[in-house]
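Take a look at the letters that make up each chain.
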Amino acid sequence: MDLGITGKTALVCASSKGLGRACAMSLAREGVAVTIVARTPGPLEATAEDIRAATGAPVQTVAADITTEDGRSAALAALPDPDILINNAGGPPPGDFRDWDRDDWIAALDANMLSPIFLIKATVDGMIERRFGRVVNITSSAVKAPIEILGLSNGARAGLTGFIAGLARKTVRQNVTINNLLPGAFDTDRFHANVEAGAKRAGRPAADMLAERMATAPAGRIGDPAEFGDACAYLCSAQAAYITGQNLLIDGGAYPGTF
Ligand code: NAP
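This is a predicted model, so every value here is computed, not measured.

**Student:** So what about the overall build of the protein? Which residues, and what values?
**Tutor:** For the protein, the count of helices and strands is eight helices and seven strands. Relative to the compact-globule value of 18 Å for 259 residues, the protein shows a C-alpha radius of gyration of 18 Å, a close match. Reported as C-alpha extents along the three principal axes, the dimensions of the protein are approximately 55 × 40 × 40 Å. Residue burial in the protein is summarised as follows: out of 259 residues, 46% are buried. Of all intrachain contacts in the protein linking residues separated by at least 6 positions in sequence, the fraction that spans at least 24 positions is 74%. On the protein, roughly 12,400 Å² of surface is accessible, and the fraction owed to carbon and sulfur atoms is 54%. The protein carries 24 positive and 28 negative side-chain charges, and their two centres are separated by 5 Å.

**Student:** Please provide a residue-by-residue account of helix H4 (residues 102-130), values included.
**Tutor:** For H4, with 29 residues, the first-to-last C-alpha span of 40 Å sits near the 42 Å given by 1.5 Å per residue. The distance from a side-chain oxygen at the start of H4 to the backbone nitrogen of aspartate 103 is 3.1 Å, and the residue carrying that oxygen is aspartate 101. Arginine 131 sits one or two residues past H4 and shows a positive phi near 60°.

**Student:** I'd like a description of helix H3 (residues 69-78), backed by residues and values.
**Tutor:** For H3, the complete set of buried residues consists of Gly71, Arg72, Ala75 and Leu76. Projection of H3 onto a plane perpendicular to its axis shows the buried side chains occupying an angular sector of 130°, all on one side. Residues Glu69, Asp70 and Ala77 are exposed on H3 and point more than 90 degrees away from its buried face.

**Student:** Describe the side chain of asparagine 112, naming the residues involved and giving the relevant values.
**Tutor:** As for its placement among the helices and strands, asparagine 112 is situated in helix H4. Within the local environment of asparagine 112, its side chain forms a polar contact with the backbone oxygen of glycine 90, the two atoms lying 3.5 Å apart. Here asparagine 112 is in contact with Ala89, Gly90, Gly91, Pro92, Ala156, Arg157 and Leu160, once residues within four sequence places are set aside.

**Student:** Report on the environment of valine 136, specifying residues and quantitative values.
**Tutor:** Following the sequence through the fold, valine 136 ends up in strand S5 (residues 133-138). Counting along the chain gives 81 residues from valine 136 to threonine 55, while the straight-line C-alpha distance between them is 21 Å. Here valine 136 is in contact with Leu85, Ile86, Asn87, Asn179, Leu181, Cys232, Leu235 and Cys236, once residues within four sequence places are set aside.

Reading guide: rules and limits
Residues numbered from 1 in each chain as written. Predicted model: local features only at pLDDT ≥ 70, side-chain atom pairs only at ≥ 80, totals over all residues. Heavy atoms only, no water. Helix = DSSP H or I, 4+ residues; strand = E, 2+ residues; numbered from the N terminus. Rg over C-alpha atoms; globule rule 2.2 N^0.38 Å. Buried < 20%, exposed > 50% of the residue type's maximum accessible area, 1.4 Å probe, protein only. Contact = heavy atoms within 4.5 Å. Areas by Shrake-Rupley, 256 points an atom, 1.4 Å probe, with all protein chains shown as cover. Lys, Arg positive; Asp, Glu negative; His and termini not counted. Charge placed at Lys NZ, Arg CZ, Asp CG, Glu CD. Expected span 1.5 Å × (residues − 1). Polar contact = N/O pair within 3.5 Å; in protein donor to acceptor, adjacent residues only side chain to side chain. Arc of directions from axis to C-beta.

In C-alpha cells form, the structure reads like this:
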C-alpha cells in the first residue's frame, strides 16, 4: 500500500532510539524527509546514518532537549513547517507519589503534556493552511490502564489526552488529524531499564521477570518497535484522513477490556 506521503516532511521528537526512531524509520521508508531530535549527538548521528542507508530519504538532525523552550525552538528552526509531527519524549521515572514534589510534577508535565501542546501550537495553523497535517503523540498504555509505579506518567499523559480529544475535532475538516499511539511493552532501552529497576526492587533476576512477563502476555512476547513505527506511518498516511482524536493501543492484547 502506497501511503501517499512521499515528499512530505516530518519532525520526529525523541527519535535516536526506541519508538521514536522506529517511527522515523517507517516514515522515511515512505519517502518522508525526516528531522530527528534527541539530546545526545552520537547516537542521533548514528541513527540518521542508519535511516539514510536503509531508506535513501533525507534526514536532518537536531541535538536538543525537546522538553525545553530552547530545544523546541532549535527543532522548529530546522523544520518550521512540518507536514507531520510525531511528539515523543522520555517517560518520567517510576516511584511513590509521596516522594514527588512540585518540581517532579512540573518536569513530567513539561515532558509529557506541555511539550507536545507547544509543538502543536507552533505547527498546526500551517498544516491547516496547507490542508494537510498529521500529528501523532506517543503516549502510553498507562493512559487506558494506569501503571501503579508510574503515577507521574499516568497523570501527565492523561492531561495531554484530554486536550487532544478537544483539538482533534477542530482540525480534521482541513485534513489535519491528531491521534495518540499508546504503547504497551516494546523492546526498547527504556523498557529494559524499567524491568531491571523492577527486578532490583523485587530482589530477583531481571531475566526471570522478563520471561514471566512474556509467558503471561497474550501475545507471548513484547513488541518490536518496527511494528509501532509502521502503525505510526499509517496514521500519517493520506488514507488515514478520517481517523482523528483516537487513542490506539498497541500492546499485543495485554489490556483485557472489551473496548
Ligand atoms: P528509549 O528507548 O529510552 O528512547 C528514548 C529516545 O528519546 C532516545 O532517542 C532519547 O535520546 C530521546 N529523548 C529522551 N528524552 C528526550 C528529550 N528530553 N529531548 C529529546 N530527546 C529525548 O524510550 P522508548 O521506550 O522508545 O520510549 C519512548 C516513549 O514511550 C517514552 O515516553 C516512554 O515512557 C513511552 N513508553 C514506552 C514503552 C515501551 O515499552 N518501550 C511503553 C509505554 C510507554 P537522548 O536520551 O539522547 O535524548
